[in-house]
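# An overview of the molecular structure
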Amino acid sequence: MFENLSPMPADPILGLMTQYRQDPHSHKVDLGVGVYKDEAGNTPILACVKRAEQLRIDTEQTKVYIGPTGSPEFNQLIGELAFGKDHKALQESRIRTVSTPGGTGSLRVAADFIKRLNPNATVWVSDPTWANHIGLFEAAGLRVKTYPYYDHANKTLKFDEMLQALAQIGKDDVVLLHACCHNPSGMDLTNAQWNKVVDLTVQQGFTPLIDMAYQGFGDGVDEDAYGVRQMATHVDDMILCSSCSKNFGLYRERIGACSIVAASSQAAEVTLSVLLYVVRCLYSMPPAHGAAIVETILGNTELKQQWLDELKVMRDRINGNRAMLVNTLLEKGVSRDFSFIAQQKGMFSFLGITPEQVAQLQRDHSIYMVDSSRISIAGIAEGNVDYLAESIAKVL
Ligand code: LMR
């Protein structure tokens, strides 16, 4: 039977990781996958994570099954981090959270949950969005359509068009929004724009699904959750998928969370039963180690402060890289305006060059980025920015 299979193309983002690792050039630059890197190009384990792991090793009693919800402590603390400890939906016991294998696992749980709610639902995603959003909702049997979002020509948000499109979406559908650090464009909604989107969500009655993969990488942990918190204040039903891959640097531990906000505590309990059924059928229960690290950090005042400090270092470095790239391109005599990169947020921006220029940068300069010209800003460093800017100048 297997001889009838045709090969699938490598994932557009993860495939780059392999190509980059195999490139023998010492001056190669990795702007591909969204992974934080320090000045030396390493992705170190956060010091707070190392301390939490040690505490965990010393105190862990068992490796028995954790159950489909994952760790209750993690679920509570990650919910408070996302919604804010005093959020009325938490106080009214209208939120249920399960631990998931990373943000992708959370999105897949959400997808199967939606499929059970309404098998005919369309999931509306921003144009553009993270490439895997489309694949994973389709894999769950859902239809995916796009709403206008990023204006490639003007490097701005197509906000009016976005609102017009959302105003056509009805209560049977789901709208996916990025909480912060929009992947791939780096173009976020302002708080005032979030308020309008929340109003429209209430008016139209569709279900919002917010993907928060970068909390703390934009302006700060609370600032980045503005949209999530506003939405949960005003709507009855909502889904939040969050990830600890980037902000805790726990990429390979696969830890994220799926939270459902419902109209009442009773309704939330029913949604939890559906979530647990979905989880049991998908992967039975989540891995425990990442959740244990996060709950140890968030549950300890000193470790939490250390984490917030380390997160700030990552955030400041990324923002600094944005300004450094823009300035270096200017210094190298590039006349095209790249100042938008310094205004955008989070891990990514589009350079706005053609796929041929992207291919040329990879072939002739060993500079790796996604075909769309999405660059991972954390891959820029003082040691490579001159080479990067000179190479961009050459291909322009
Ligand atoms: C990215 O967009 O590069 C990250 O979210 C990593 C991934 O899994 O694609």
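Residues numbered from 1 in each chain as written. Predicted model: local features only at pLDDT ≥ 70, side-chain atom pairs only at ≥ 80, totals over all residues.

If you check an unreviewed UniProt entry, the protein chain appears there as Aminotransferase from Shewanella algidipiscicola.

### Brief notes about the overall build of the protein chain
What the protein chain contains, in helices and strands, is 15 helices and 13 strands. Its C-alpha atoms give the protein chain principal-axis dimensions of about 60 × 55 × 55 Å. Restricting the contact set of the protein chain to residue pairs at least 6 apart, pairs at least 24 apart contribute 76%. (Helix = DSSP H or I, 4+ residues; strand = E, 2+ residues; numbered from the N terminus. Contact = placed C-beta atoms within 7 Å.)

### So, the UniProt feature "domain: Aminotransferase class I/classII large" (unreviewed entry) in the protein chain
Mapped onto the present numbering, the UniProt feature "domain: Aminotransferase class I/classII large" (unreviewed entry) falls at residues 27-392. As a span, residues 27-392 carries 46% helix and 15% strand, and end to end its C-alpha atoms are 14 Å apart. (UniProt positions renumbered as here; feature names shortened; annotations may be inferred.)

### A closer look at the site of the ligand
Taken together, the residues surrounding the ligand are Ile-13, Val-33, Gly-34, Trp-130, Asn-132 and Asn-183. Classifying every residue of the shell around the ligand gives 3 nonpolar, 3 polar and no charged. Formed jointly, the shell around the ligand draws a minimum of three residues from each of two domains, domain 1 (11-44 + 315-395) and domain 2 (65-299). (Near = placed C-beta within 6 Å. Nonpolar A, V, L, I, M, F, W, Y, C, P; charged D, E, K, R; others polar. Domains from an automatic or database assignment.)

### Let's talk about the nonpolar core
Note that soluble globular proteins tend to have their nonpolar side chains buried in a common cluster. Residues Ala-110, Val-228 and Val-294 are the most contacted members of the largest nonpolar core, which totals 110 residues. It is helix H12 (residues 301-331) that contributes the most residues to this core, 7 residues altogether. Residues from two domains meet in this core; each of domain 1 (11-44 + 315-395) and domain 2 (65-299) gives at least three. Aside from chain neighbours lying at most four places away, what touches Val-294 is Phe-74, Ile-78, Cys-244, Phe-248 and Ile-255. (Core = buried A, V, L, I, M, F, W, Y, C linked by C-beta atoms within 7 Å. Buried ≥ 20, exposed ≤ 12 C-beta atoms within 10 Å, placed from the backbone.)

### Description of the sheet that holds strand S10 (residues 256-261)
What the 7 strands build is an open sheet, ordered S2-S10-S9-S8-S7-S3-S4; its pairing is mixed. Each of the sheet's edge strands pairs with one partner strand only, and the pair in question is strand S2 (95-100) and strand S4 (143-148). In this sheet, adjacent strand axes meet at a mean angle of 25 degrees when their direction is disregarded. (Pairing = 2+ DSSP bridges. Axes fitted to C-alpha atoms, helices over the stretch in contact; angles between N-to-C directions.)

### Regarding the domain arrangement of the protein chain
The domain architecture assigned to the protein chain consists of domain 1 (11-44 + 315-395) and domain 2 (65-299). On a C-alpha basis, the centroid separation for the pair domain 1 and domain 2 is 28 Å. Across the contact, 19 residues belong to domain 1 and 20 residues belong to domain 2. The set of elements that each furnish at least two residues to the side of domain 1 that touches domain 2 consists of H12 and strand S11 (348-350).

### Brief notes about helix H14 (residues 355-365)
Of the positions making up H14, those classed as buried are Val-358, Leu-361 and Gln-362. Angularly, the buried residues of H14 cover 90 degrees about the axis, an arc narrow enough to put them on a single face. Exposed side chains of H14 directed beyond 90 degrees from the buried face belong to Glu-356, Ala-359, Arg-363 and Asp-364. As for H14, its buried residues are in contact with strand S12 (367-368) and helix H15 (385-395). A positive backbone phi angle near 55 degrees is found at Ser-366, which sits one or two residues after H14. (Arc of directions from axis to C-beta.)

### Topic: unusual backbone geometry
With an omega of 5 degrees, the peptide bond running from Asp-127 to Pro-128 counts as cis. By the element assignment, Pro-128 lies in the loop between strand S3 (122-127) and helix H6 (131-139). In this structure, the amide linkage connecting Asn-183 to the following residue, Pro-184, adopts the cis form with an omega of 25 degrees. Note on placement: Pro-184 falls in the loop between strand S7 (174-178) and helix H8 (191-204). Within the chain, Arg-254 stands out as a residue other than glycine whose phi angle is a positive 55 degrees.

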